[in-house]
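What follows is the residue order along each chain.
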Amino acid sequence: MAGKRRKFDAEFREGAVRIVAETGKPIAQVAQDLGINETTLASWVSRARRAGGVTAKGESEELARLRRDNAQLKKDNKELAMERDVLKRCMVLWVK
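For clarity, every value in this text was computed on a predicted model and none was experimentally measured.

Visitor: I'd love a proper account of a nonpolar patch on the surface, names of residues and values included.
Guide: Residues Met-91, Trp-94 and Val-95 make up a contiguous nonpolar surface patch of about 410 Å² in total accessible area. Tracing the backbone shows Val-95 in helix H4 (residues 57–95). Look at Val-95 and you get exposed, because its relative accessible area is 62%.

Here it is in structure tokens:
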């Protein structure tokens, strides 16, 4: 016979999701520590990620690093394109 279904308030759910996101611990371990079902916690985390409310600490740091790298690469690319154009003009004058 199945036991009575437990209800968790929003604050508990948000806290559990935050623990998973901030510590980077596996969902199974956090669920066991909190005494809840692993699939329940996994669904809360999935729902939060789809809503865009939660990203893992490492993911947000990685995203920031990739954005910095992307900006630097765009700057370098622009500078190299200008240098290439100057060299093309020099070659044209030198060949004449």
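Visitor: Hey, could you go over helix H3 (residues 38–51) for me, with residue numbers and the actual values?
Guide: Over its 14 residues, H3 extends 20 Å from the first C-alpha to the last, a length consistent with the 20 Å expected when each residue adds 1.5 Å. The distance from a side-chain oxygen at the start of H3 to the backbone nitrogen of Thr-39 is 3.1 Å, and the residue carrying that oxygen is Asn-37. One or two residues past the end of H3 sits Gly-52, with phi positive at roughly 80 degrees.

Visitor: Describe the pattern of salt bridges, listing the residues and the values that go with them.
Guide: Across all of its chains, the model carries three salt bridges by this definition. For Arg-65, the salt bridge identified is with Glu-62, shortest N-O distance 2.8 Å. Of this pair, Arg-65 and Glu-62 are both found in helix H4, three residues apart, which corresponds to roughly one turn of the helix. For Glu-62, a relative accessible area of 36% gives the class partly exposed. Close ionic contact of Arg-84 with Asp-85 constitutes a salt bridge, the shortest N to O distance being 3.1 Å. Overlapping salt bridges, with partners in common, bring together Glu-62, Arg-65 and Asp-69 in one network.

Visitor: So what's going on with the layout of surface pockets? Which residues, and what values?
Guide: The space that makes up the largest pocket amounts to roughly 230 Å³. The wall of the largest pocket is formed by Arg-5, Arg-6, Lys-7, Phe-8, Arg-13, Ile-36, Asn-37, Thr-40 and Trp-44. In the lining of the largest pocket, the residues fall into three nonpolar, two polar and four charged.

Visitor: Which residues make up the packing of aromatic side chains, and what values go with them?
Guide: For the structure on display, the rule yields three aromatic pairs. Ring geometry for Phe-8 against Phe-12: centres 5.1 Å apart, planes inclined by 15 degrees, an arrangement best described as stacked. Judged by its relative accessible area of 23%, Phe-8 is partly exposed. Both rings, one in Phe-12 and one in Trp-44, keep their centres 6.2 Å apart while their planes meet at 90 degrees; by these two values the pair is edge-to-face. Here the residue Phe-12 occupies a position in helix H1 (residues 10–23), and Trp-44 occupies one in helix H3, the gap between them amounting to 32 residues. Here Phe-12 falls in the partly exposed class, since its relative accessible area comes to 29%. Using a relative accessible area of 9% as the deciding quantity, one classes Trp-44 as buried. Taken together, Phe-8, Phe-12 and Trp-44 form an aromatic cluster joined through their ring pairs.

Rules used in this analysis
- Residues numbered from 1 in each chain as written.
- Predicted model: local features only at pLDDT ≥ 70, side-chain atom pairs only at ≥ 80, totals over all residues.
- Heavy atoms only, no water.
- Patch = residues over 30% accessible without salt bridge, like charges linked within 9 Å, V, L, I, M, F, W, Y side chains within 5 Å.
- Areas by Shrake-Rupley, 256 points an atom, 1.4 Å probe, with all protein chains shown as cover.
- Salt bridge = Lys/Arg side-chain N within 4 Å of Asp/Glu carboxyl O.
- Helix = DSSP H or I, 4+ residues; strand = E, 2+ residues; numbered from the N terminus.
- Buried < 20%, exposed > 50% of the residue type's maximum accessible area, 1.4 Å probe, protein only.
- Expected span 1.5 Å × (residues − 1).
- Polar contact = N/O pair within 3.5 Å; in protein donor to acceptor, adjacent residues only side chain to side chain.
- 1 Å grid on protein atoms, 1.4 Å probe; cavity = no way out; pocket = protein on both sides within 12 Å on 5 of 7 lines; lining within 4 Å.
- Points joined across faces, edges and corners; volume = space filled by probe spheres on them.
- Nonpolar A, V, L, I, M, F, W, Y, C, P; charged D, E, K, R; others polar.
- Phe/Tyr/Trp six-rings, centres within 6.5 Å; stacked < 30°, edge-to-face > 60°.

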